[in-house]
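Listed here are the chains, written in short residue letters.
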Amino acid sequence: MKRRRTISDAPVAAHTIIWTIGALALVAAPHLLRVPLWISAASVLLGAWRVWGVRRPPVLPGRVVRMVLMLAALSGVLLTYGTVFGRDAGTALLLVMLSLKLLEMRTRRDVLVVIFLGYFLVLTQFLYSQSIFIGAYLLMAVLGITAALISLHRAGGAHKPMADLRLASVLLLQAIPLMLALYVLFPRISGPLISLPKDAFGAGTGLDDEMAPGRISDLRQSGAVAFRVEFSGAPPGAEQRYWRGPVLWLTDGVTWSPGANTAAAVQVSVSGEPVSYDVTLEAHNRKWLFALDIPASAPDIGRITDDLQLLAHEPVKNRVRYKVASYTQYHNGMAAPNSLRRALQLPPDANPRLRALAESWRAEIADDEKLMRRALEFFRDEPFYYTLKPPPLADKPHPMDEFLFNTRRGFCEHYSSAFAMLMRAAGIPARVVLGYQGGEMNPLGDYMIVRQSDAHAWTEVWLGEKGWVRVDPTGMIPPARVEITTDVAAQLAEVTPLIDLAQAAVLVNAWQKMRFGWDAVNNAWNLWVLGYNATRQQQLFTRFGLDTWIKLGMGLLAALGLPFLLVAAYMPLRRGARPDPAVLLYQRFCAKLARARIVRRPNEGPLDFALRVARLRPELAPQTNLITALYCALRYSPTPQAQALHQLRRFVRTFRV
Amino acid sequence: MNAVAPLSLRDRLRLARFLRGEGPQAGPITLNRRRVFILPTRYGWLFGIMLLVMWLGSVNYNNGLGFALTFLLGSLAVISILHTYRNLSGLTFGAGRVAPVFAGEQARFVIHMEHPGAAPRPGIALQLPLEAPAAYDAPQQTSVTLTRIEARRGRWSVGRFTVSTVFPLGLFRAWAHLDLDMHCLVYPRPAAPQPLPDPHPASSESARGRGAEDFAGVRDYQSGDSLRHVHWKAVARQDALLTKQFSGGEESELWLDWRSFPPGMDVESRLSLLCRFVLDAHAAQLRYGLRLPGKDIAPASGEAHQRACLEALALFEMRA
């Protein structure tokens, strides 16, 4: 076949080139703030160079200069990143190469390639952020690129930016139903297909696997969401909202760390109805999955250990969603023979005063449970304060002694750590549990939000036949001795002393509503945009009864075909959008004549037809000539008059054969 | 508007219709579903490959918005099929005038293009096979000209031409092959300028010349008039050259005769020479006749006569 001569080689209009570069700048902007300075600067300069060259083509570089620039850019990326693969290096390479490609952008073919690369650049943005804002922003950028693509295909470089934008919006709006159907129904494969580079995901935030003073208090400054919970039934009461995370066994007198744990069959006797719920956990780069104390079994993405931690098979690098059931009433008698010994471990020479105190209690009290109460009363009755800004202890030789007998200011880390050490010193097995305590229901979304600010540490104590019992020593501090709350009201009152309390209450109320509303939007976004994966898709298919391949195929066809047909049906395809009213009127006139057997031939012009009518029926000539003249004026005159259309309508209406 | 005979399913699926379109048609042709075909362009395929890569990237990074973008662009391409088709649908093409040309010149086929909508149809390209396409943003009514160098004399149909569009996104090309019943008359290529043959002496069989020497009057001299007919007496009396005219005088008529050339001369060279003579004789405002094997055109003058002679030359031995 002979090669068709195309118009792809024709130079492109200046406004199309400028429009394309503008749309690309929109796409690239978030990258420009992120990549090393030399890449941002190079991209901006190259783009500006091309825009300069629109008016003065001679300033644009020749092939040799472009080649040199390309090699320089390639080696620059290699020097900066050490590779051209992976998310960061790949994006940087795409960015500089695209900017270089701008320089040789001249024909329609070049612009098309640049625009396609621009679409690809949009995708790379999502590897860094998938927030609602970035999504909405880049949708606008896609609109801009699409308008440039449309502008490229107007003949002779016609410049109609508004019409291009309008058509691009129409196209995108019409594409959205089909896109949604594809999004939900197109079979999802659980990736990754090839091993991901190390920089695939950013760092997550969350609990650490070590507890040292200060760690949790940092976390508690953060209002970020740790996870969200949707309960199948009623949510548990506030006093039962302990979300169990890592369990810490080993201590060096200051820091707590986890010990070895083994997978085990759960041997816990439970009573009451289980609480079933779905947790959507934010990425935190660790393996823990959080569940209400205590989980009955492992979710499908993880396992359960003998100290009742839930551990995912892989570190949680993406938001995950899992289903768990928990019992809030239980008797946990699970204790491997040497685990109780491990739960008594204490460094022998650390914190001598703490050790002495515990031993003095042990001398008085034989019963473990009574001794435990004695310790709790100690926290309640002595002047201990709860504060997120405790005095530093790290430089002291015996930090827990210092806390218990001198500073007496701390938060959950200090209290749980001190309490567990006291128990161990008195010969009662004890361990520290990290997790979250609390969570607020979102009234707008009917789910619970647990934030990083709910991070907490508590203890579990082995009480013989009662098994492991949860004890939260921090709760022993009377409210009067709680110094700082993270409550919004308190923060507001702190920063705006001029607002009176009633006003503050209104503000707090409004703020909380906004926060809840926003979180509901975020939750839906997470559920459908970020958390929608192969598993969720399978659940959805099952819910709609699409359980066999045949049913699924038919469902897919229907769901994909429907949006397309809807658009096709809505668009008048056979004719243009709006037929010219003059044509319609003239057709009516012809139809009236056709009834008198004077039929206009397909290739007969209006004037010829009028002559024939006059010949056949001279009495119709005056009206026919008037109508023909008006019709021709409306159709062929460069400035048709609105008046003429009215007249044409009147004449056609009164025309009688 | 124009009734088109319905096609049987078998005809509808014929490959030839896809490759070459339907046969020539006299009336205006309106593009509809039956005539318009649509397939991805090269860039459409490239776009498809890009979407595949984007999809793989989204799977690999399990990126929800990546999937959303990939599917959005895919849907955009699918929706653009409808827009590309709609851009052609409803366009009506009618045959316009085609002025005759000489062989080797550019024939200009004027085609009237019209559509019912108020908004212009952007990026409509018309193309004759092997010619460069011409693209238009077609207003409601317009005339476009397809040009083609006509190398050979004769009466040539415009043949199949293609109307196509890739608007709006360039990913799909909708096209229709059209064959309007319009022709261009191509005269022989005129030979290099040379002197006109002498007016023929009266041949024996045309002895109508009772008054071959009957004086009929005088008129102003025109270049090419035989000097033998100059009214020399009048020149003496007046300052103007006058030519004597004779009624029925055969020798005042120029016969452009096929047989006047050497016997070995080929057809096209003879026609070229005759074409040159017709042009020159017309320019000289002579009365001339054309004598071809099997066809005589009686001497006359004027535009219509010239056209008739040139047409006879163009179509000589071309009759189908």
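Residues numbered from 1 in each chain as written. Chains lettered and ligands numbered in written order. Predicted model: local features only at pLDDT ≥ 70, side-chain atom pairs only at ≥ 80, totals over all residues. Heavy atoms only, no water.

This part covers the overall build of chain B. Counting its regular elements, chain B contains 7 helices and 17 strands. Counting every position in chain B, which comprises 320 residues, the buried fraction comes to 50%. In chain B, once contacts between residues fewer than 6 apart in sequence are set aside, the share between residues at least 24 apart is 65%. For chain B, the accessible area works out to roughly 15,400 Å², and carbon and sulfur atoms hold 56% of it. (Helix = DSSP H or I, 4+ residues; strand = E, 2+ residues; numbered from the N terminus. Buried < 20%, exposed > 50% of the residue type's maximum accessible area, 1.4 Å probe, protein only. Contact = heavy atoms within 4.5 Å. Areas by Shrake-Rupley, 256 points an atom, 1.4 Å probe, with all protein chains shown as cover.)

Attention now goes to the packing of aromatic side chains. The description of two aromatic rings rests on the distance between their centres and on the angle between their planes. All names here are of chain A. Enumeration over the complete set of coordinates arrives at 35 aromatic pairs over all chains. With centroids separated by 5.1 Å and ring planes inclined at 65 degrees, the aromatic side chains of Phe379 and Phe384 adopt a geometry described as edge-to-face. Comparing Phe379 with Phe384 shows no difference in burial state: the two are buried. Ring centres 5.5 Å apart and planes at 80 degrees place the aromatic pair Phe379 and Tyr415 in the edge-to-face group. With Phe379 in helix H11 (residues 368-381) and Tyr415 in helix H13 (residues 412-425), this pair connects stretches of sequence that are 36 residues apart. With a relative accessible area of 0%, Phe379 lands in the buried category. (Phe/Tyr/Trp six-rings, centres within 6.5 Å; stacked < 30°, edge-to-face > 60°.)

A few words on the interface of chain A and chain B. If you look at the interface, chain A gives 74 residues, while chain B gives 66 residues. Together chain A and chain B conceal approximately 6,300 Å² of surface at their shared face, both sides included; 69% is due to carbon and sulfur atoms. Summed over the shared surface of chain A and chain B, the result is 0 salt bridges. Where chain A touches chain B, the interface holds 7 residue pairs in polar contact (both at pLDDT 80 or more). Residue assignment for the side of chain A that touches chain B shows that the elements contributing at least two residues are helix H5 (108-126), helix H6 (132-152), helix H7 (161-185), helix H15 (501-530), helix H17 (549-570) and helix H20 (621-636) of chain A. It is H7(A) that contributes the most residues to the side of chain A that touches chain B, 11 residues altogether. (Buried area = accessible area lost by both parts, 1.4 Å probe. Salt bridge = Lys/Arg side-chain N within 4 Å of Asp/Glu carboxyl O. Polar contact = N/O pair within 3.5 Å; in protein donor to acceptor, adjacent residues only side chain to side chain.)

This paragraph deals with the packing of helix H12 (residues 399-407) of chain A against H13(A). Residue and element names in this part refer to chain A. In the contact formed by H12 and H13, the axes pass within 11 Å of each other and the chain directions differ by 105 degrees. Our classification of the angle between H12 and H13 gives roughly perpendicular. On the side of H12, the interface is formed by Met400, Phe403 and Leu404, while H13 contributes His414, Tyr415, Ser417, Ala418, Met421 and Leu422. A breakdown of the residues in the contact of H12 with H13 according to their chemical character gives 7 nonpolar, 2 polar and no charged. (Axes fitted to C-alpha atoms, helices over the stretch in contact; angles between N-to-C directions. Parallel < 35°, antiparallel > 145°, perpendicular 65-115°, else oblique. Nonpolar A, V, L, I, M, F, W, Y, C, P; charged D, E, K, R; others polar.)

Right, let's get into the pattern of salt bridges. All names here are of chain A. The final tally for this structure, using the stated rule, is 25 salt bridges over all chains. The residue Glu104 makes a salt bridge to Lys101 at a minimum N-O spacing of 3.3 Å. The class for Glu104 is partly exposed, based on a relative accessible area of 32%. Residues Arg470 and Asp293 are paired through a salt bridge, measuring 3.0 Å at the closest nitrogen-oxygen approach.

We now examine the sheet that holds strand E9 (residues 154-157) of chain B. Strand order across the open sheet formed by 3 strands is E4-E12-E9 (chain B), with mixed pairing between neighbours. The sheet is open, and its two edges are formed by strand E4 (101-102) and E9 of chain B, each paired on a single side. (Pairing = 2+ DSSP bridges.)

Let's shift gears to the nonpolar core. A general tendency of soluble globular proteins is for nonpolar side chains to be buried together. Ranked by internal contacts, the top residues of the largest apolar core, which has 82 residues, are A:Phe116, A:Tyr119, B:Phe47 and B:Leu73. Ranked by residue count, the leading element in this core is H6(A), at 12 residues. Beyond its immediate chain neighbours, meaning those up to four positions away, A:Tyr119 contacts A:Val142, A:Ile145, A:Thr146, A:Leu149, B:Phe47, B:Met50, B:Met54, B:Leu69, B:Leu73 and B:Leu76. The next biggest cluster of nonpolar side chains, apart from the first, holds 72 residues, and it includes A:Ala291, A:Leu310, A:Trp361 and A:Ala430. (Core = buried A, V, L, I, M, F, W, Y, C linked by side-chain atoms within 4.5 Å.)

In this section: H12(A). Residues and elements named next belong to chain A. Burial analysis of H12 places 7 of its 9 residues in the buried class, which makes it a mostly covered element. Where H12 is concerned, the buried positions are Pro399, Met400, Asp401, Glu402, Phe403, Leu404 and Thr407. Turning to H12, the residues buried within the fold contact helix H10 (352-364), H11, strand E14 (409-410) and H13.

Residue and element names in this part refer to chain B. Among the 7 residues that make up strand E11 (residues 172-178), 7 are buried, leaving the element largely enclosed by the rest of the structure. Burial along E11 is two-sided: Phe172, Ala174, Ala176 and Leu178 facing one way and Arg173, Trp175 and His177 facing the other are all buried. Sheet topology places strand E2 (residues 37-40) next to E11; 4 bridges connect them, and they run antiparallel. Looking at E11, one finds that Phe37 is bridged to Trp175. Summarising the sheet, strand E10 (residues 161-165) and E11 pair through 5 bridges and their orientation is antiparallel. Bridging across to E11, Thr162 finds its partner in His177.

Residue and element names in this part refer to chain B. Taken residue by residue, chain B gives an average pLDDT of 80. The fraction at 70 or more is 78%. When pLDDT is averaged over each helix and strand of chain B, the minimum, 61, is found for strand E14 (residues 242-246) and the maximum, 93, for helix H4 (residues 64-88). A low-confidence stretch, residues 202-212 (pLDDT under 50), is modelled with 10 contacts involving residues beyond four sequence positions or located in other chains. Confidence estimates for the predicted assembly give a pTM of 0.65 and an ipTM of 0.76. (pLDDT = per-residue confidence, 0-100.)

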